[in-house]
Amino acid sequence: MRWLIKSLLVLALLAGVVLTWAHFSMAAYMKQPLTLSEPTTFEIPTGATLRGVSRQLRERGISENTHWLLLRARLDKNAADIKAGRYTLAPGLSAEAFFELIRAGNVDLERLVIVEGWTVAQGLAAIVSHPAIVDDLDISIDQRADGVAWLSDDQLAALSARFGVSGDSLEGWLAPDTYRFAAGSTASDIVESGIGLMRARLDNAWSLGDPPTGIDTPYAALVLASIIEKETGLASERAQIAGVFVRRLAQPMRLQTDPTVIYGIGQRYDGDIRRADLQTPTPYNTYTIDGLPPTPIALPGEAALQSVMAPADGEALYFVASGKGDGSHVFSTTLEEHERAVQAYLKALRQRPQ
C-alpha cells in the first residue's frame, strides 16, 4: 500500500513538473517573435481552423513548434474563433500578438473610390470589378456609346427594390466616398454601406433648414443635388448654381440643363449633344418637362446635397460656361445677358488652339 502511495506521489510530482515545464515553454514560445525579416502577407481562408493556420506557419517557415500555439488555444474557450482575411505580419510580431491579431480579425483593408458625379452604373462597375470583392449582384453592366458604364431602367428598378430605396431607380443612392473593407466582402455589402451613408448625408442636409420652393421631399433634394453635381465645375460656384435652379423652380421655369438631356438619351449618347436632342421629349429632358426629372442623374457629393438647402442668394436665372477652361461659369439675370454670355463662350471656343 505504501508503495502504491509513493508511486502516485511520484507520478503526481512528475505530472506537476511536466505541466510546469509545458506552461513555461508555452509562455516562452508565445513571447518569441515570429521569423519575419520584412512585412509579410498572411491569408486565412474562410472556414480555416487554427490547426490549419499552424500548419501554414510551419510550411512558410514563419514559426516552428506551433503545437504550443494549439495548446494556448485549448486553454482559451474562444480561441477557435479566428477571423478569415488577409493580414500583414510585421517583423518583431510575437506568437501571442499574432494569436490576438487573428482572433480580433484586424485584417488588412482594401480601398475603393466612388467618384462624385459618376452614375450609379459607374459606381457599381467599380465595385463588381474590384478583385477583392465578391460579386453577388447578378447585373449586366453595358457601356454607353461614349464608353460610360450603363444599366437598363429595369435593372435600376430591380436594384432599387432589392435595397429598399425611394424612387424607381438606384440612381443617386450610392454615396461617393473612399470605402475601406476586408477582402472577401460582397458587392451587396459595399452597396448597402454606400446607401446607408447617402441616407445619413441626405438626412443631415434636410435638417439644415426649410427646403426651397419646389423641393418638397428629401428625394427631390437628392434629384436636384445630382443635377448640381453634374453642372458644377468649380466648388466655389456650387451654391450659385443651386441658387439658379431653385429660383427657376420657384418661378416656375424649366431647368433647361444639358446633363439631364444626356441622361435621358441613355445608352445612345455618343459624347455630343445636338439641337434635336434638346427638342426630343424624354422623362429627363428638362428643356421639355416642367420641374425635376423623375430620378437623380448621378451620385451627388455631400456638398451638393447641402447646397440644395443653402443656395446662394441673388437674381441670376441663367449660367453658361465661361470658356476659360477652368470650369467657371458666367451667371446672368436676364435672357439678353445670357445670350451675350453664350456668344462670348462660343467665340472663346473658336479661338482655342486646335
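Here we summarise the structure given alongside this text. Treat the numbers as computed from the prediction; the structure is a model and nothing was measured.

This part is about the nonpolar core. Leu 112, Leu 124, Ile 127, Leu 170 and Trp 173 are the most contacted members of the largest nonpolar core, which has 58 residues in total. Tallying contributions element by element places helix α8 (residues 218–231) first for this core, with 9 residues. With residues near it in sequence (within four places) discarded, Leu 124 still touches Leu 137, Ile 139, Ile 141, Leu 151, Leu 159, Leu 170, Leu 174 and Val 191. Membership of the second largest hydrophobic core comes to 23 residues, among which are Phe 42, Ile 44, Leu 50 and Tyr 87.

A cluster of basic residues, Arg 51, Arg 55, Arg 58 and Arg 74, forms a positive patch on the protein surface. No other element matches the 3 residues that helix α2 (residues 50–59) contributes to the positive patch.

In the structure shown here, the tally under the stated rule is 8 salt bridges. A salt bridge links Arg 103 to Glu 100; the nearest nitrogen and oxygen atoms lie 3.6 Å apart. Residue Arg 103 and its partner Glu 100 are both found in helix α4 (residues 95–104); the two are separated by 3 residues, about one turn of the helix. Judged by its relative accessible area of 34%, Glu 100 is partly exposed. Put simply, Asp 177 and Arg 201 hold a salt bridge, and the shortest N to O gap is 2.4 Å. Here Asp 177, found in strand β6 (residues 177–182), pairs with Arg 201, found in helix α7 (residues 187–206); they are 24 residues apart in sequence, far enough to count as distant. By relative accessible area, which is 26% here, Asp 177 ends up partly exposed. By relative accessible area, Arg 201 is classed as buried at 11%. What you see here is one network of salt bridges that share partners, running through Arg 86, Asp 108 and Glu 110.

What counts, and where the lines are drawn
- Residues numbered from 1 in each chain as written.
- Predicted model: local features only at pLDDT ≥ 70, side-chain atom pairs only at ≥ 80, totals over all residues.
- Heavy atoms only, no water.
- Core = buried A, V, L, I, M, F, W, Y, C linked by side-chain atoms within 4.5 Å.
- Buried < 20%, exposed > 50% of the residue type's maximum accessible area, 1.4 Å probe, protein only.
- Helix = DSSP H or I, 4+ residues; strand = E, 2+ residues; numbered from the N terminus.
- Contact = heavy atoms within 4.5 Å.
- Patch = residues over 30% accessible without salt bridge, like charges linked within 9 Å, V, L, I, M, F, W, Y side chains within 5 Å.
- Areas by Shrake-Rupley, 256 points an atom, 1.4 Å probe, with all protein chains shown as cover.
- Salt bridge = Lys/Arg side-chain N within 4 Å of Asp/Glu carboxyl O.
- Lys, Arg positive; Asp, Glu negative; His and termini not counted.
- Charge placed at Lys NZ, Arg CZ, Asp CG, Glu CD.

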